[in-house]
Amino acid sequence: MQTRGMTGADLAKLVRDAKRAARLRREPLNLSDLTANLPELVPLAGDFRKSLLSTRPVMQLLADV
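Residues numbered from 1 in each chain as written. Predicted model: local features only at pLDDT ≥ 70, side-chain atom pairs only at ≥ 80, totals over all residues. Heavy atoms only, no water.

(A) Representation of the environment of leucine 41. Along the chain, leucine 41 falls in the loop between helix H2 (31–35) and helix H3 (46–53). Distance in space between the C-alpha atoms of leucine 41 and glutamine 2 is 7.0 Å, their sequence separation being 39 residues. (Helix = DSSP H or I, 4+ residues; strand = E, 2+ residues; numbered from the N terminus.)

(B) Seen up close, the side chain of aspartate 33. By the element assignment, aspartate 33 lies in helix H2. A relative accessible area of 5% means that aspartate 33 is categorised as buried. Not counting the four nearest positions on each side in its chain, aspartate 33 is found in contact with Ala18, Ala22, Arg25 and Pro28. (Buried < 20%, exposed > 50% of the residue type's maximum accessible area, 1.4 Å probe, protein only. Contact = heavy atoms within 4.5 Å.)

(C) Expanded view of the pattern of salt bridges. Counted by the stated rule, this structure contains 4 salt bridges. One salt bridge in this structure joins lysine 13 and aspartate 17, with 2.8 Å as the shortest N-O distance. Of this pair, lysine 13 and aspartate 17 both sit in helix H1 (residues 8–25), 4 residues apart, roughly one helical turn. By relative accessible area, lysine 13 is classed as partly exposed at 43%. Across the pair aspartate 17 and arginine 20 runs a salt bridge whose closest N-O atoms are separated by 3.0 Å. Of this pair, aspartate 17 and arginine 20 both sit in helix H1, 3 residues apart, roughly one helical turn. Residue classification places arginine 20 among the partly exposed positions, given a relative accessible area of 40%. (Salt bridge = Lys/Arg side-chain N within 4 Å of Asp/Glu carboxyl O.)

Spelled out as structure tokens, the structure:
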């Protein structure tokens, strides 16, 4: 989930920014307004991913995703 780790204030700002964008376009708020400002997911690959997976807490964290 892209919002994991965000605070309530982060989410409130996300919604405010989405509402502002929709208002400037003079259109109703929609899901794409909200998702447009979400942080990008960065894929982990190669040795770095393997080194992360070797720790038990990280394996549990990724299992929830």
